[in-house]
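Okay, here's what each chain looks like letter by letter:
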Amino acid sequence: MTTESTDKAAADGRITIGFAVDGRPRTERIAPNTVLLDLLRDRYGMTGVKASCERGVCGACTTLIDGTPSASCSVFAFSVDGRAVETVAGQTTDGELGPVQQAFAECGGFQCGYCTPGMIMLTTALLREHPDPDEETIRSWISSNVCRCTGYRMIIESVHRAAELIRAAEPARTGEDAR
Amino acid sequence: MTATSRIGTNDRRTDAVLKLTGAAQYTADIRLPGMLHAKVLRSPHAHARLVSIDAAKAQGRVVSVLAGHARGVDGFLM
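Summary of the structure given here. Because the structure is a prediction, the values reported are computed rather than measured. (Residues numbered from 1 in each chain as written. Chains lettered and ligands numbered in written order. Predicted model: local features only at pLDDT ≥ 70, side-chain atom pairs only at ≥ 80, totals over all residues. Heavy atoms only, no water.)

Our focus in this paragraph is the side chain of Thr47 of chain A. With respect to the helices and strands, the residue Thr47 of chain A is situated in the loop between helix H1 (36–43) and strand S3 (62–65). With relative accessibility at 13%, the residue Thr47 of chain A sits in the buried group. A polar contact of 3.0 Å, which involves the side chain of Thr47 of chain A, links it to the side chain of Gln25 of chain B. Filtering out sequence-adjacent residues up to four positions away, Thr47 of chain A remains in contact with Arg41 of chain A together with Gly22, Gln25 and Asp29 of chain B. (Helix = DSSP H or I, 4+ residues; strand = E, 2+ residues; numbered from the N terminus. Buried < 20%, exposed > 50% of the residue type's maximum accessible area, 1.4 Å probe, protein only. Polar contact = N/O pair within 3.5 Å; in protein donor to acceptor, adjacent residues only side chain to side chain. Contact = heavy atoms within 4.5 Å.)

The partner chain B presents 15 residues to the 20 residues of chain A that form the contact. Interface area, chain A with chain B, both sides summed: about 1,400 Å², of which 53% is carbon and sulfur. For Asp42 of chain A, the salt bridge identified is with Arg31 of chain B, shortest N-O distance 3.3 Å. Counting across the interface, chain A meets chain B through 15 residue pairs in polar contact (both at pLDDT 80 or more). Breaking the side of chain A that touches chain B down by element, the ones donating at least two residues are H1, helix H2 (99–107) and helix H3 (116–129) of chain A. Counting residues per element, the side of chain A that touches chain B draws most heavily on H2 of chain A, at four residues. (Buried area = accessible area lost by both parts, 1.4 Å probe. Salt bridge = Lys/Arg side-chain N within 4 Å of Asp/Glu carboxyl O.)

Function-wise, these values are silent; they only describe arrangement.
Right under this line is the structure:
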């Protein structure tokens, strides 16, 4: 590069973006048509983000973008410039399962496991918005994610259980003024 | 109940951690050195006779175009 440009698009058409993945800052040069899913899987090797329908209908690739569940197959990578992306890889702390993962383990809320990372991210977002969701709310939210094993009953139970686990952990996290 | 009985107890599945962390590797997650990707191109017409295949546009952009007749499979080209 010989000239400095205020535009983010370089002469070769590539775009430089800065964003965070599971809290880690990243800077990337990407083609304008790169989608977030491919960036995560192919460049970072984050295969925990699953590729399935690749047209935004199955939810397997669900990540959180600034907290909002999004089908990463249908999000242009340039659009996450300046944003925070959360994936299933950020759910564990020092190898310990997070509360949502713990709940899915306890309730057997997974079979083949392919939809599971997406379900876990969706549940994470759901419980931030609705800490104690009723069944109707859970059904409505998870309707965006397909489980082809059709194990929805246990997934719904897992969401309820995750809500319990998170609420139970809350007083410890916030100190004595839990009530 | 004996100490070895599983009845009435919950066991964590052995595949739980792999699948819940996204560490489980599925076919689409595997990358091997020199790996190629194949795509099957089917006729858009049901029950049509395949007369010829023109792969000229693909030359130089793919490693190989394999048509049924090239592999000695009967019934693809008449």
